[in-house]
Amino acid sequence: MTDKKIVWAHSPAADELPEDVIFVDRLRCTGCWTCSLACMTGNKLADGKFFVKVRTLGSGEGIDRPAGVWPDLRMSWMPTYSQFCIKCKPRTEAGELPYCVAQCPNKALAYGADAVEKIEAARQRGARIYQLPAWEDSKEGVVYASPDRKII
Ligand code: SF4
Ligand code: SF4
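Since the model is a prediction, treat every value here as computed from it, not as a measurement.

Caption draft 1: Quick peek at the site of ligand 1. Every one of the 14 residues lining ligand 1 counts as a neighbour, but Cys29, Cys32, Thr34, Cys35 and Cys104 are closest to it. Going through the elements one at a time, helix 1 (34-42) and strand 5 (76-81) are the ones with two or more residues in the shell around ligand 1. For the shell around ligand 1, the residue count by class is ten nonpolar, four polar and no charged.

Encoded structure:
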C-alpha cells in the first residue's frame, strides 16, 4: 500500500492572503453564533437565511454533542462562510469592520491587516493555518487556525 498523504485544505502563505481576508481563530471560538446573528441583523437578511453558519466538530450527532467518552470529551466550532457573504463591503469601504467580526464576543474573528497579523501569530504558536477546500463551496479568502488543545 502506498503512503498517500491526504491534503484537504490549503495552508496559505502570508503573501497569498487577500486584502479583505477574514481570519477565524478556532482556539477562541465558543460556538455562540453571535457572528451569524450579527450578520443577519446588520445585513437585514430574511428569517432563516445565513451568510455564516457555525459548524460543531464533535460526535457528529446533533448540534452540540462532544466526541469521546466522559471525561475525555472533545468539541470545537468552525464558522463557515457561504458564497453569499459580501464581506460587508459597504462597511469595510467606510473603514468599519464586518458585522460578524465587530460583534464576536471572544475576538475569534479578524479582518484585513489585523487578520494578517493574527494569522502569523497563530502560525507561530503552532496552529495549522488552512482554508476550506473547494468542494465546501464556501467564501474565498477566509482563513482558519486550528485550536491548539485536545479538541479536533
Ligand atoms: S466566531 Fe465568535 S461570534 Fe462566531 S461563534 Fe465563534 S465565538 Fe461566537
Ligand atoms: S463578512 Fe459581513 S456579509 Fe459576510 S458573514 Fe460577516 S457580517 Fe455577513
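After that view of the structure, there is still more to cover.
Caption draft 2: Expanded view of the site of ligand 2. The immediate surroundings of ligand 2 are formed by 13 residues, with Cys39, Cys85, Cys88, Pro98 and Cys100 found nearest. Going through the elements one at a time, helix 1 and helix 3 (99-103) are the ones with two or more residues in the shell around ligand 2. Class assignment for the residues of the shell around ligand 2 results in ten nonpolar, two polar and one charged.

Caption draft 3: A look at the nonpolar core. Ranked by internal contacts, the top residues of the largest apolar core, which has 31 residues, are Ile22, Phe23, Val24, Cys100, Leu109, Ile119 and Val143. Broken down by secondary-structure element, the contributors of at least two residues to this core are strand 1 (22-25), helix 1, strand 5, helix 3, strand 6 (109-111), helix 4 (112-125) and strand 8 (142-145). Tallying contributions element by element places strand 8 first for this core, with four residues. The residues touching Cys100, leaving out its near neighbours within four places in the chain, are Cys35, Ala38, Cys39, Val52 and Leu109.

Caption draft 4: The arrangement of helix 4 in detail. Taking 1.5 Å of rise per residue, the 14 residues of helix 4 would be expected to cover 20 Å, and the 20 Å separating its terminal C-alpha atoms lies within 8% of that figure. Of the positions making up helix 4, those classed as buried are Ala115, Lys118, Ile119 and Ala122. Seen along its axis, helix 4 keeps its buried residues to an arc of 110°; they face one direction. Projecting away from the buried face of helix 4 at angles above 90 degrees are the exposed residues Ala113, Glu120 and Gln124. Check the buried side of helix 4 and you find it contacts strand 1, strand 6, strand 7 (129-130) and strand 8.

What counts and how
- Residues numbered from 1 in each chain as written.
- Chains lettered and ligands numbered in written order.
- Predicted model: local features only at pLDDT ≥ 70, side-chain atom pairs only at ≥ 80, totals over all residues.
- Near = placed C-beta within 6 Å.
- Helix = DSSP H or I, 4+ residues; strand = E, 2+ residues; numbered from the N terminus.
- Nonpolar A, V, L, I, M, F, W, Y, C, P; charged D, E, K, R; others polar.
- Core = buried A, V, L, I, M, F, W, Y, C linked by C-beta atoms within 7 Å.
- Buried ≥ 20, exposed ≤ 12 C-beta atoms within 10 Å, placed from the backbone.
- Contact = placed C-beta atoms within 7 Å.
- Expected span 1.5 Å × (residues − 1).
- Arc of directions from axis to C-beta.

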